[in-house]
Every structure is written in C-alpha cells, then in structure tokens.
Amino acid sequence: MSIEALPAGEAARADGPVLQVDDLSVTFTRRGEAPTRAVDGVSFAVDAGETVGLVGESGCGKSVTSLAVMGLLPRRGVRVGGSVRFGGVELVGAPDRTLRDLRGADMAMVFQDPLSSLNPVVPIGTQVTEVLLEHRDVSRGEAADEATRLLDRVGIPDPGRRLKEYPHQLSGGMRQRALIAMALACSPRLLIADEPTTALDVTIQAQILELLRELVVDTGTALVMITHDLGVVAGLCDRVHVMYAGRIIESADRHDLFARPRHPYTGGLLASVPRLDGARGAPLTPIRGSARDTIPWAEGCAFAPRCDHAQDDCLTEVSGSTVPLEHDGPARELRCRHPLRRPPSATGATASGAAR
Ligand SMILES: Nc1ncnc2c1ncn2[C@@H]1O[C@H](COP(=O)(O)OP(=O)(O)O)[C@@H](O)[C@H]1O
Ligand code: SF4
Ligand SMILES: [Mg+2]
C-alpha cells in the first residue's frame, strides 16, 4: 500500500526546518504547590520528510513537549518559555486563533489512546468528514468521498461500511488508523505521533509504523515520533533526542546512537531492549531504580542516583555548574561528564568504564 502525494498546506512554506524548537521550557504552577519544571531547555528541529524521535522513560516530559509545540497546554497554571517556530511563525504566545487554524490544517497530532481522541457517539465517517469540512473548501459530498479515500489509504478494509461505524466497533489498530486518517485529512506539514503504537500488539504496531514511514516518504511530512521504545526508533527515525527529567541528554543520528551510545542512560536503554543479534537467552539489563530516583538538575546530573559512572564532579556542589549539553563530534550532542567509551556488548550489558 502506498500513500499518494498530498498537496502542501498553506503555512510552513518558508525555507528551513518545518519545526524549530529552541530552549523550550514548561513549568506547571499550581496554586499552593512549588512550581514543577516538566520541560527544561529543550531544542530540536525537524525538516520536511524527516522523522525525529523523542525518546525516554515515562514522565521525562515527552508529551508535555509535544503539547507545548501544538499549543495544547492550558494557559492557566502553565508557563511556557523559549521558542517554537513552525514554518518560521512563532507559536509561543501566539493567539489561540492562530494555533487553532494551524492545528488540523498544517500540524496534527496522533495520541496513544485513539479511543480517548475519538468521539464515542459519532460515527468514524462523520468525524473524518467534519475535519475535512472545517479545514478544506469542499462540499459535504466531496468530503464524504475523500473520507472514504482516506480510510482506504490508511489500510482500513471496506471503508464505505467502516465510515458508518462507531469507534467502539473498531479494533484498537483500526481506531489508530482512523485517527491517522483524520490527521492526514488536511495534509499536515507536521505530524506529532505520541506513543501511537503503545497500546497495540506487535503485528499491528509494525503496520502502523510502516504506514507512518510511507506517509513521510510519499508526502514529505515532518514527523515527530514520541516513544519510550527504542525498537520504534530503530525502524523509523532519522535523528533521535533522548530525554531525561525534562531535558535532552543525548542527540544523534539513529545509526550513530545505536552503534555508539555515549550517555550512560542511552546505553542503559539500549541494554534493556531485546536484540535480534544478541546471544540466545542473554539477560536484558534494566536501568536500576526508576525515573523517580532523580535529583533536580540544579543539584547536578539528574541521572546521577541511577548512574554506574557517576563521580563526584557530576554533582553541582563539586563542579560549580549543572551538566551542560555539549557538542560531541559533528551532529551529536551530549550532557554527561563521563560518557561511555564503548557500545553495549552483545550480551546486553552496558559499556564498562567511562572515558576519562
Ligand atoms: N497538568 C500537569 N500538572 C503538573 N505536572 C504535570 C502535568 N502534566 C504532566 N506533568 C508532569 O510533567 C512531567 C512530564 O510528563 P509527560 O510529558 O506526560 O511525560 P512522558 O510523556 O514523557 O511520559 C511528569 O513529571 C508529569 O508528572
Ligand atoms: S554526568 Fe555523571 S551521573 Fe550524569 S550520566 Fe554522566 S556520568 Fe552519569
Ligand atoms: Mg507521554
């Protein structure tokens, strides 16, 4: 199955990256509670036809980053800093109207749980048609035809019948396809997929990822893939940003990241993923502790309590400054004082010893 080329949207035609995020921060300020910084100085860019992965354990700030990019965070109780430029247009602080016009028309998002994103009491066809009517200059009849075509394009069999069905009548995989069809309805220049396959079984997951890959190749859509699963990254992403406790701690091209992880956290993530080339029955090595075992970045490296390579200078009191994100060769950035020298061994153990 192949997706035909889609006409480009109105906005985001300027040269340069489709999406440019610079020093993005998100702070939750609930009354009576200390402010929580969920995203802290995150920067990345996505070109047309490129897939960029944001990876990290649950709670590291992936979803909050994507909601901030889409302008979907509530204004009350949330402070967003930094810059998000879409096709050269600044979105941080942009009027709600601007953001609403862009969403659906030029940038779209697919969430983990399609059921919660679809209206349970409205047939699938009506939901896809409504998106088309809202954002494209088409008649109701044309929109209905296009909805059928879209469902067919995302691999939903017998789309004419499916259009009349309600979300609960579709399987999880079909619901996710329907959601992707809605996202495609307006030929977005940017698609953010937040754990789109997490709730699906492995076979369906592979099909959905293939669908997204075809979309990027055939339409030049810029795709931000958000996942906790490095397996998803391996099959899809050109460039990967690994997040920990609200910050990017390693950025690299996908091949380089897998062949030569430099951050102990990235090494730990890789060591905890089953590998086809690994020794049979080789034990996987989960990262010790949980994401809750962090220290504030202001006190040093947030990963230090879980890091086998931590030394005294990983803590601010000793080093005098928090661990910065620095260039580590071309096209690679790293936030670590004692990076890994070697990739994880075939047995899944992390690289032993840190570069001194
Ligand atoms: N509405 C909110 N109010 C306060 N804290 C929040 C809110 N939403 C998310 N957070 C916090 O922000 C952090 C990042 O969350 P999230 O982006 O959802 O993580 P991920 O998607 O990586 O699993 C978490 O610590 C979470 O508890
Ligand atoms: S800065 Fe130190 S504690 Fe943090 S990941 Fe690197 S070695 Fe580990
Ligand atoms: Mg999330």
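Structural notes, computed from the coordinates. The shown structure was predicted, so the numbers you read here are calculated from the model rather than taken from an experiment. (Residues numbered from 1 in each chain as written. Chains lettered and ligands numbered in written order. Predicted model: local features only at pLDDT ≥ 70, side-chain atom pairs only at ≥ 80, totals over all residues. Heavy atoms only, no water.)

So, about the overall build of the chain. Along the backbone of the chain there are 12 helices and 12 strands. Here the chain, with 356 residues, has 48% of them falling under the buried criterion. A sequence separation of at least 24 residues applies to 64% of the contacts in the chain between residues at least 6 apart. Roughly 16,300 Å² of accessible area belongs to the chain as shown, and the carbon and sulfur atoms make up 52% of that amount. (Helix = DSSP H or I, 4+ residues; strand = E, 2+ residues; numbered from the N terminus. Buried < 20%, exposed > 50% of the residue type's maximum accessible area, 1.4 Å probe, protein only. Contact = heavy atoms within 4.5 Å. Areas by Shrake-Rupley, 256 points an atom, 1.4 Å probe, with all protein chains shown as cover.)

Helix 5 (residues 140–153) packs onto helix 4 (residues 124–135) with a crossing angle of 120° between their chain directions and a minimal axis gap of 9 Å. Of the two elements, helix 4 crosses helix 5, and the hand of that crossing is right-handed. Here Ile124, Gly125, Val128, Thr129, Leu132 and Leu133 of helix 4 come into contact with helix 5, specifically with Arg140, Ala143, Ala144, Glu146, Ala147, Leu150 and Leu151. (Axes fitted to C-alpha atoms, helices over the stretch in contact; angles between N-to-C directions. Left-handed = near helix turned anticlockwise from the far one by under 90°.)

What follows is about the site of ligand 2. Neighbouring ligand 2 are His263, Pro264, Cys301, Phe303, Ala304, Cys307, His309, Ala310, Cys314, Cys336, Arg337 and His338. Within the shell around ligand 2, the residues separate by chemical class into 8 nonpolar, 3 polar and 1 charged. (Near = heavy atom within 4 Å. Nonpolar A, V, L, I, M, F, W, Y, C, P; charged D, E, K, R; others polar.)

This part covers the sheet that holds strand 4 (residues 78–86). One open sheet accounts for 4 strands, arranged 2-1-4-5; its pairing is antiparallel. Of all strands in the sheet, those with a lone pairing partner are strand 2 (36–46) and strand 5 (89–90), marking the two edges. Direction of pairing for strand 1 (residues 19–28) relative to strand 4: antiparallel, over a ladder of 8 bridges. By the bridge assignment, Phe28 is partnered in strand 4 with Val78. Across the face of the sheet, helix 1 (residues 62–70) comes into contact with strand 1, strand 2 and strand 4 while running at roughly 115° to strand 1. (Pairing = 2+ DSSP bridges.)

So, about the sheet that holds strand 3 (residues 51–55). Here we have 8 strands laid out as an open sheet, ordered 6-7-8-3-9-10-12-11, and mixed in their pairing. Where the open sheet ends on each side, the last strands, each with one partner, are strand 6 (107–110) and strand 11 (326–327). As paired elements, strand 9 (residues 239–244) and strand 10 (residues 247–253) share 6 bridges and run antiparallel to each other. Residue pairing across strands places Val242 opposite Glu250, the latter belonging to strand 10. The sheet strands contacting helix 7 (residues 172–184) are strand 6 and strand 7 (190–194), and the helix crosses strand 6 at an angle near 175°.

A separate point is the side chain of Asp194. Relative to the helices and strands, Asp194 is located in strand 7. Look at Asp194: it is buried, it has no salt bridge, and the nearest opposite charge is Lys62 at 6.5 Å. In this structure the side chain of Asp194 is engaged in a polar contact, spanning 2.6 Å, whose partner is the side chain of Ser63. Apart from residues no more than four positions distant in its own chain, Asp194 is found in contact with Ser63, Ser66, Met109, Val110, Phe111, Gln112 and Ile226. (Lys, Arg positive; Asp, Glu negative; His and termini not counted. Salt bridge = Lys/Arg side-chain N within 4 Å of Asp/Glu carboxyl O. Polar contact = N/O pair within 3.5 Å; in protein donor to acceptor, adjacent residues only side chain to side chain.)

Here the focus is the site of ligand 1. Around ligand 1 lies a shell formed by Phe28, Arg30, Ala38, Glu57, Ser58, Gly59, Cys60, Gly61, Lys62, Ser63 and Val64. Backbone polar atom of Gly61 to an oxygen atom of ligand 1: 3.1 Å apart, as the coordinates give it. With the chains in place, 62% of the 560 Å² that ligand 1 exposes on its own is no longer accessible. Looking at which element gives the most residues to the shell around ligand 1, the answer is helix 1, with 3 residues. Tallied by class, residues from the shell around ligand 1 come to 4 nonpolar, 4 polar and 3 charged.

Time to look at the pattern of salt bridges. The tally for this structure, following the rule as stated, stands at 21 salt bridges. Measuring nitrogen to oxygen at the nearest pair gives 3.6 Å for the salt bridge that ties Arg30 to Glu33. One network of salt bridges, with partners in common, ties together Glu250, Asp256, Arg260, Arg262, Asp328 and Arg332.

With that settled, consider the packing of helix 7 against helix 8 (residues 202–219). Where helix 7 meets helix 8, the closest approach of the two axes is 10 Å, and the angle between their N-to-C directions is 15°. The angle between helix 7 and helix 8 falls in the class roughly parallel. Helix 7 and helix 8 meet at a crossing whose hand is right-handed. Across from Gly173, Gln176, Arg177, Ile180 and Leu184 in helix 7, the residues of helix 8 making contact are Ile204, Gln207, Ile208, Leu211, Leu212 and Leu215. The residue makeup of the contact of helix 7 with helix 8, split by class, is 7 nonpolar, 3 polar and 1 charged. (Parallel < 35°, antiparallel > 145°, perpendicular 65-115°, else oblique.)

With that out of the way, let us pick up helix 7. Structural remark: α-helix, 3.6 residues per turn; residues separated by three or four positions point the same way. If you check helix 7, its first and last C-alpha atoms are 18 Å apart, about what 13 residues at 1.5 Å a residue would give, namely 18 Å. Counting buried positions along helix 7 gives 12 out of 13 residues, so the element sits mostly inside the fold. The set of residues buried in helix 7 consists of Gly173, Met174, Arg175, Gln176, Arg177, Ala178, Leu179, Ile180, Ala181, Met182, Ala183 and Leu184. Buried positions along helix 7 lie against strand 6, helix 3 (114–117), helix 4, helix 5, strand 7 and helix 8. (Expected span 1.5 Å × (residues − 1).)

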